[in-house]
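Chain residues, written in single-letter form:
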Amino acid sequence: MRRATAAVCAGLMVAVAAGTAAPQTSAGDGEGWEFSVTPHVWTVSMKGTADFGDLDVPVDVDLSDISDALDLGAFIHLEARRGQWGGLLDVGYMSASLEDEPLHTIDPLGSMADVETSVVVLDALGSYRITLTDSDVFDFLAGIRWTRSEVDVVVTEGPPDDGGAADDSWIDPLVGVRFSSRFSESWYSWVRMDVGGFGIGSDFTWGTSLGLGYEFNDTVAANLGYKHIGIDWDDGSTMYKGLTLVEHGLLLGVTFSF
């Protein structure tokens, strides 16, 4: 249960942190650097299952449950570009408290637990841009995703030996593409898709996001979009058997460019 819960929260943060910034649709052929900073949030719901020993832990959580459980969340996206080459850095931190979580086991009596967890996720990606038209650009993305999770479980109903504290971390390779289009002086859109894991960290992880942005001026833009992500994680250990998880929801961010 301990590591399964850690993986669930890490999956949430992975989805939040990945690629929600407003992409610049300029060709970027100048010699100078371009930078952007985007704090953002994701109104997420989750559906999946975590397997730990004999425990079959459901992770079906709607938006209201996430809002009630969240203690602290901080998410930011950084991007730099010079010419066709660039880099993206996504950093996210979350701490949450969950009360009386049901733990379904082979024993039909089941168990309940209180869970406190914190998660740090960092995406580091390089990008290469191809200019299609004056308003359309295409970015190739490649890099890594590092995840670290800490969790503390107190069993309130059931065998007390199932509780305790643990931490876990893993690294996934990640590749993806992003298409951005500007269809007026102020409005633009983007679509991003990525895949990773390949049995190195997780078995497989994938994500899709799309959205619209509006530039108020050369410095500030607002973004509204939708993101869907899936995780299939199996570390092959004796007790912790795996995690399957799907997350989706609206995302909102503000981009500052300079």
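Keep in mind that this is a model prediction, so the values were computed, not measured.

Concerning the environment of G196
Part 1 of the reasoning: For G196, the position within the fold is in strand 8 (residues 187–197).
Part 2 of the reasoning: Along the backbone, G196 and G143 are 53 residues apart, and their C-alpha atoms lie at a distance of 9.4 Å.
Part 3 of the reasoning: For G196, the residues in contact, after removing those within four places along its chain, are P173, L174, D203, F204 and T205.

Side note on a nonpolar patch on the surface
Part 1 of the reasoning: Taken together, the side chains of V41, I130, L132, F140, F179, V191, M193, L210, L224, Y226, L250 and L252 define a hydrophobic patch exposed on the protein surface, amounting to about 1000 Å² of accessible area.
Part 2 of the reasoning: Going through the elements one at a time, strand 8, strand 10 (220–233) and strand 11 (240–257) are the ones with two or more residues in the nonpolar patch.
Part 3 of the reasoning: Among the structural elements, L252 can be located in strand 11.

Considerations on the pairing of strand 10
Each regular strand carries side chains that alternate between the two faces of the sheet.
Part 1 of the reasoning: Sheet topology places strand 9 (residues 204–215) next to strand 10; 12 bridges connect them, and they run antiparallel. Pairing of L210 across the sheet is with Y226, part of strand 10.
Part 2 of the reasoning: If you look at the hairpin formed by strand 9 and strand 10, you'll find four residues sitting between the two strands.

Remarks on the pairing of strand 9
Part 1 of the reasoning: Covered by surrounding structure in strand 9 are T205, G207, S209, G211, G213 and E215 only, the residues F204, W206, T208, L210, L212 and Y214 on the alternate face being uncovered.
Part 2 of the reasoning: Here strand 8 pairs with strand 9 via 11 bridges, running antiparallel. Within the sheet, the bridge partner assigned to V191 lies in strand 9 and is L210.
Part 3 of the reasoning: Counting the residues between successive antiparallel strands, the hairpin from strand 8 to strand 9 contains six residues, one of them, F198, with a positive phi of roughly 55 degrees.

Details of the nonpolar core
Part 1 of the reasoning: In terms of nonpolar packing, the biggest core is built from six residues, these being W42, Y188, W190, A221, I229 and L251.
Part 2 of the reasoning: Put simply, the parts of the chain that give this core at least two residues each are strand 8 and strand 10.
Part 3 of the reasoning: Core analysis: the next-biggest nonpolar cluster, separate from the first, contains five residues, M46, W170, I231 and L245 among them.

What to know about the environment of E185
Part 1 of the reasoning: For E185, the location among the structural elements is in the loop between strand 7 (164–182) and strand 8.
Part 2 of the reasoning: Note on E185: relative accessible area 75%, which makes it exposed.

Re the packing of aromatic side chains
To describe a pair of aromatic rings, you give the distance between the ring centres and the angle between the ring planes.
Part 1 of the reasoning: Tallied over the entire structure, the rule returns eight aromatic pairs.
Part 2 of the reasoning: When the ring of F138 is compared with that of F140, the centres are 5.1 Å apart and the planes differ by 75 degrees; the resulting orientation is edge-to-face.
Part 3 of the reasoning: On the basis of relative accessibility, which here comes to 24%, the residue F138 falls in the partly exposed class.
Part 4 of the reasoning: On the basis of relative accessibility, which here comes to 40%, the residue F140 falls in the partly exposed class.
Part 5 of the reasoning: Through pairs of rings, three or more aromatic residues link up here, namely W33, F35 and F258.

Quick word on the side chain of R178
Part 1 of the reasoning: Structurally, R178 can be placed in strand 7.
Part 2 of the reasoning: Judged by relative accessible area, R178 falls into the buried class, the value being 2%.

Examining unusual backbone geometry
Part 1 of the reasoning: Notably, F198 is not glycine yet its phi reads approximately 55 degrees, a positive angle.
Part 2 of the reasoning: Of note, F198 is situated in the loop between strand 8 and strand 9.

A look at the confidence of the model for the protein chain
Part 1 of the reasoning: Chain-level pLDDT for the protein chain is 75 on average; 57% of the residues reach the 70-or-more range.
Part 2 of the reasoning: When mean pLDDT is taken per element in the protein chain, strand 8 scores highest with 93 and helix 1 (residues 2–17) scores lowest with 41.
Part 3 of the reasoning: In this model, residues 1–22 is a region of pLDDT below 50 whose contacts with residues beyond four sequence positions or in other chains number 92 contacts.

A short note on the pattern of salt bridges
Part 1 of the reasoning: For the structure on display, the rule yields eight salt bridges.
Part 2 of the reasoning: With a closest N to O distance of 3.7 Å, R81 and D139 form a salt bridge. With R81 in strand 3 (residues 70–82) and D139 in strand 6 (residues 136–157), this residue pair connects regions lying 58 residues apart in the sequence. The pair formed by R81 and D139 is uniform in burial state, with each residue classed as buried.
Part 3 of the reasoning: Salt bridges sharing partners connect three or more residues here, namely E79, R81, R129, D139 and R178.

Description of the environment of L132
Part 1 of the reasoning: For L132, the position within the fold is in the loop between strand 5 (111–131) and strand 6.
Part 2 of the reasoning: Residue classification places L132 among the partly exposed residues on the basis of a relative accessible area of 48%.
Part 3 of the reasoning: In sequence terms L132 and S181 are 49 residues apart; their C-alpha atoms lie 9.7 Å from each other.

Criteria and thresholds
Residues numbered from 1 in each chain as written. Predicted model: local features only at pLDDT ≥ 70, side-chain atom pairs only at ≥ 80, totals over all residues. Heavy atoms only, no water. Helix = DSSP H or I, 4+ residues; strand = E, 2+ residues; numbered from the N terminus. Contact = heavy atoms within 4.5 Å. Patch = residues over 30% accessible without salt bridge, like charges linked within 9 Å, V, L, I, M, F, W, Y side chains within 5 Å. Areas by Shrake-Rupley, 256 points an atom, 1.4 Å probe, with all protein chains shown as cover. Salt bridge = Lys/Arg side-chain N within 4 Å of Asp/Glu carboxyl O. Pairing = 2+ DSSP bridges. Buried < 20%, exposed > 50% of the residue type's maximum accessible area, 1.4 Å probe, protein only. Core = buried A, V, L, I, M, F, W, Y, C linked by side-chain atoms within 4.5 Å. Phe/Tyr/Trp six-rings, centres within 6.5 Å; stacked < 30°, edge-to-face > 60°. pLDDT = per-residue confidence, 0-100.

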